[in-house]
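Read off the chains here:
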Amino acid sequence: MKKWVSLSALLLAAMLVASGCGGGDKKESSPSPAAAQSGAAGGEAKAITIEASNFKFDPGEITVKQGDEVSITLKNSQGNHALKIEGYDKEVKGNATVTFVADKAGEFKIVCSIFCGKGHDDMVGKLIVQ
């Protein structure tokens, strides 16, 4: 019985370590060639991780090209947050990813969509689609 419990704990630990490896870069990452080909209308695939803390997004501004396929992962490093991109009707909660095609040019406000305290209204960012 002890061997079974020990083996299960070891396998669980290995899975947790494997799932946490890589990434960690808060800026845009370079897509693989296969991912770059998946962009709509000839755009590129952009994978971006935004770190949310009380009361800011990092990075606070994201720039992509119109037609790019954008994947935004929200990582909560402090507090409980979600982000909503106004004008795109896209929302992502902490530790999840949303993917969409940036088909509208302009500047779009990013806000925290979960009330997170006194500084909640100051928690804003910007998506720029060129």
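Look up a bit, the structure's there.
These numbers come from a predicted model, not from an experiment. (Residues numbered from 1 in each chain as written. Predicted model: local features only at pLDDT ≥ 70, side-chain atom pairs only at ≥ 80, totals over all residues. Heavy atoms only, no water.)

Chemist: I tried to follow the overall build of the protein chain on my own but got confused; where do I start?
Modeler: Across its full length, the protein chain carries two helices and ten strands. Beginning at the N terminus, the succession of helices and strands in the protein chain can be written as α-β-α-β-β-β-β-β-β-β-β-β. Going through the 130 residues of the protein chain one by one, you find that 32% of them count as buried. Pairs at least 24 apart in sequence give 56% of the contacts found in the protein chain among residues at least 6 apart. When the accessible surface of the protein chain is split by element, carbon and sulfur atoms take 55% of a total near 7,900 Å². (Helix = DSSP H or I, 4+ residues; strand = E, 2+ residues; numbered from the N terminus. Buried < 20%, exposed > 50% of the residue type's maximum accessible area, 1.4 Å probe, protein only. Contact = heavy atoms within 4.5 Å. Areas by Shrake-Rupley, 256 points an atom, 1.4 Å probe, with all protein chains shown as cover.)

Chemist: In this structure, what is going on with the packing of aromatic side chains? I would like to understand it.
Modeler: Two measures describe an aromatic ring pair: the distance that separates the ring centres and the angle between the ring planes. Evaluation of the coordinates by the stated rule reveals two aromatic pairs. Measuring from ring centre to ring centre gives 5.2 Å for Y88 and F100, while their planes differ by 45°; the resulting arrangement is tilted. In this pair, Y88 sits in the loop between β6 (82–85) and β7 (90–93) while F100 sits in strand β8 (residues 96–101), placing the two residues twelve residues apart along the sequence. Residue Y88 shares its accessibility class with F100, and that shared class is buried. Ring plane angle 70° and centroid distance 4.8 Å describe the contact between Y88 and F108, whose orientation is recorded as edge-to-face. Separated by 20 residues along the polypeptide, Y88 in the loop between β6 and β7 and F108 in strand β9 (residues 106–112) bring together distant segments of the chain. Neither Y88 nor F108 differs from the other in exposure class; each is buried. Put simply, the rings of Y88, F100 and F108 touch in pairs and so form one group of aromatic residues. (Phe/Tyr/Trp six-rings, centres within 6.5 Å; stacked < 30°, edge-to-face > 60°.)

Chemist: Explain the environment of K46 here, please?
Modeler: Relative to the helices and strands, K46 is located in strand β2 (residues 45–53). Here the alpha-carbon distance between K46 and K65, two residues 19 residues apart in the chain, equals 9.6 Å.

Chemist: Please explain unusual backbone geometry as it appears in this structure.
Modeler: Glycine aside, a negative phi is what most residues show, and trans is what most peptide bonds show. For the bond running from N54 to F55, omega is 5°, close enough to zero to count as cis. Structurally, the position occupied by F55 is in the loop between β2 and β3 (56–58). Omega for the bond connecting D58 with P59 falls within 30 degrees of zero, at 5°, which places this linkage in the cis form. Relative to the helices and strands, P59 resides in the loop between β3 and β4 (61–64). Although it is not a glycine, D89 adopts a positive phi angle of roughly 55°.

Chemist: In this structure, what is going on with the sheet that holds strand β10 (residues 124–129)? I would like to understand it.
Modeler: For sheets, the rule is that strands pair by backbone hydrogen bonds, running either parallel or antiparallel. The strand order across the open sheet built from five strands is β4-β10-β9-β6-β7, with neighbouring strands paired in mixed fashion. Among the strands making up the open sheet, the edge pair consists of β4 and β7. When the angles between neighbouring strand axes are averaged without regard to direction, this sheet yields 20°. The pairing of β6 with β9 spans three bridges and is antiparallel. Considered in β9, the bridge of I85 is made with I110. (Pairing = 2+ DSSP bridges. Axes fitted to C-alpha atoms, helices over the stretch in contact; angles between N-to-C directions.)

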